[in-house]
Amino acid sequence: MNTLNYWRRLVRLFFHYKRKSILLPYLPVRLWVELSGACNYRCIMCPNKDLPGKEKGNMDFGLYTKIIDETASYVFDINLAHRGESLIHPRIAEAADYAKQKGLYTRLHTNGSLLTEELSQKFIDSGLDRLSFSFDGYDAATYEKIRRGGKFDETVGNIVRLLEIKKKAGAKKPIVAIEVINFDQLQGDQTEAAKKKFLKNFKGLPLDHFVHKELHNWAGEIDRDKQEGFYSVCTFPWNALIIYWNGDVLPCTQDFFGQIVVGNANKTTLRDIWNGEKMVTLRKKLVERDVKGLKPCAGCDRLNRRGFLGIPKEYLWKFITKRMP
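Given the structure is predicted, the values throughout are model-derived calculations rather than measurements.

Chemist: Even after reading the chapter, I still don't get empty space enclosed by the protein, so can you show me in this structure?
Modeler: Vacant regions in the atomic arrangement are exposed by a probe of water-molecule size rolled over the atoms. Inspection of every chain in the model, using the stated rule, returns 4 cavities of 30 Å³ or more. Roughly 130 Å³ of volume is contained in the largest cavity. Residue composition of the lining of the largest cavity, grouped by class: 12 nonpolar, 1 polar and 2 charged.

Chemist: I keep staring at the packing of aromatic side chains and nothing clicks. Help me out?
Modeler: For any pair of aromatic rings, the description rests on two quantities: the centre-to-centre distance and the angle between the ring planes. In this structure the tally under the stated criterion is 17 aromatic pairs. Pairing Phe135 with Phe152 gives two aromatic rings, centres 5.6 Å apart and planes at 65 degrees, and the pair type is edge-to-face. Remark: Phe152 occurs in helix H6 (residues 152-169) and Phe135 occurs in the loop between strand S4 (130-134) and helix H5 (140-146); sequence separation between them is 17 residues. Clustering of aromatic rings is evident, with ring pairs tying together Phe135, Tyr138, Tyr143, Phe152, Phe198, Phe202 and Phe210. Positioned over the ring face of Tyr244 is Arg83, at 3.5 Å from the centre of the ring. When the ring centre of Trp274 is taken as origin, the NZ or CZ atom of Arg283, which lies over that ring, is 4.7 Å away.

Chemist: Quick question: what am I supposed to make of H6 here?
Modeler: One turn of the α-helix equals 3.6 residues, which is why residues spaced by three or four share an orientation. Helix length check: H6 (18 residues) gives 26 Å between terminal C-alpha atoms against 26 Å at 1.5 Å per residue, within 8%. When we look at burial in H6, the residues that qualify are Phe152, Thr155, Val156, Asn158, Ile159, Val160, Leu162, Leu163, Ile165 and Lys166.

Chemist: Any chance you could explain the packing of helix H3 (residues 92-101) against helix H4 (residues 117-126) here in plain terms?
Modeler: The description of two helices packed together rests on the angle between their axes and the distance between the axes. Running from amino to carboxyl end, H3 crosses H4 at an angle of 5 degrees, the nearest separation of the two axes being 9 Å. The pairing of H3 with H4 is recorded here as roughly parallel in orientation. Within the contact between the two elements, H3 uses Ile92, Ala93, Ala96, Asp97 and Lys100 and H4 uses Leu119, Lys122, Phe123 and Ser126. Among the residues making up the contact of H3 with H4, the classes are represented as 5 nonpolar, 1 polar and 3 charged.

The rules behind each value
- Residues numbered from 1 in each chain as written.
- Predicted model: local features only at pLDDT ≥ 70, side-chain atom pairs only at ≥ 80, totals over all residues.
- Heavy atoms only, no water.
- 1 Å grid on protein atoms, 1.4 Å probe; cavity = no way out; pocket = protein on both sides within 12 Å on 5 of 7 lines; lining within 4 Å.
- Points joined across faces, edges and corners; volume = space filled by probe spheres on them.
- Nonpolar A, V, L, I, M, F, W, Y, C, P; charged D, E, K, R; others polar.
- Phe/Tyr/Trp six-rings, centres within 6.5 Å; stacked < 30°, edge-to-face > 60°.
- Helix = DSSP H or I, 4+ residues; strand = E, 2+ residues; numbered from the N terminus.
- Lys NZ or Arg CZ within 6 Å of the ring centre and 35° of its normal.
- Expected span 1.5 Å × (residues − 1).
- Buried < 20%, exposed > 50% of the residue type's maximum accessible area, 1.4 Å probe, protein only.
- Axes fitted to C-alpha atoms, helices over the stretch in contact; angles between N-to-C directions.
- Parallel < 35°, antiparallel > 145°, perpendicular 65-115°, else oblique.
- Contact = heavy atoms within 4.5 Å.

Here it is as structure tokens:
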């Protein structure tokens, strides 16, 4: 998709979001595709550990290619992760390559524990656009307390090796980021010193970004105070769809337990789901602030986050800068 078309569609999206249109004359621009619902960690802030076992399968590769083939003509970018650890999927490298071959800007988010040299090389060869690592804690004790089941030294080593392979290849992609959540226990002067020591692991290597992220409450699933007295219409139902490993389609990434399922990609097209009755009804409720009793929206702190022109700043910035090649 050329730059002019990208901006034309983005302006159209913004217009209909601000206008609060509930029947949209365009298709979604972003996808989250959950290749696996399983995870090898039990992080203290993540509800994945509470998912029933039946919710932790891997996506059928035929379903995955169906989704990519169907949406490649209108989606800007695709996130190859959601509730689980995507590197668990046996065909993760092939999935990234397939999306890139279809012209999609492709992102992968991982805890990095299962990243091998072979996978690192395949991701670099595929042209994967962005590879981000969830990594909380600057030393083994803190990291392993938060990311239960993880091994600090092993995961750091996996990231370092990927960056070494990228450097040796002279590759510009993937853009590599380490993302750290702002936990209370990761604050103060001592933390700043620990951060500097941690970053020395990557000195001279092509680490592109080190990102601090705010902890959100997973639509009320995590105990975290919400801001009160402010309401912002959620942007997700105006720009994105999320597909679970079993084909269930949802309108928001924060719906961890699938409380609002608007269709199934095995049974119908995303095009039909996008303006289907369930999506239109949801948009109407959000516009009218009719979210009391609507799970998971009623408990979600996203509706109370301030932004710019009604759009959360983190998403606005991604649309303006991070997607563009």
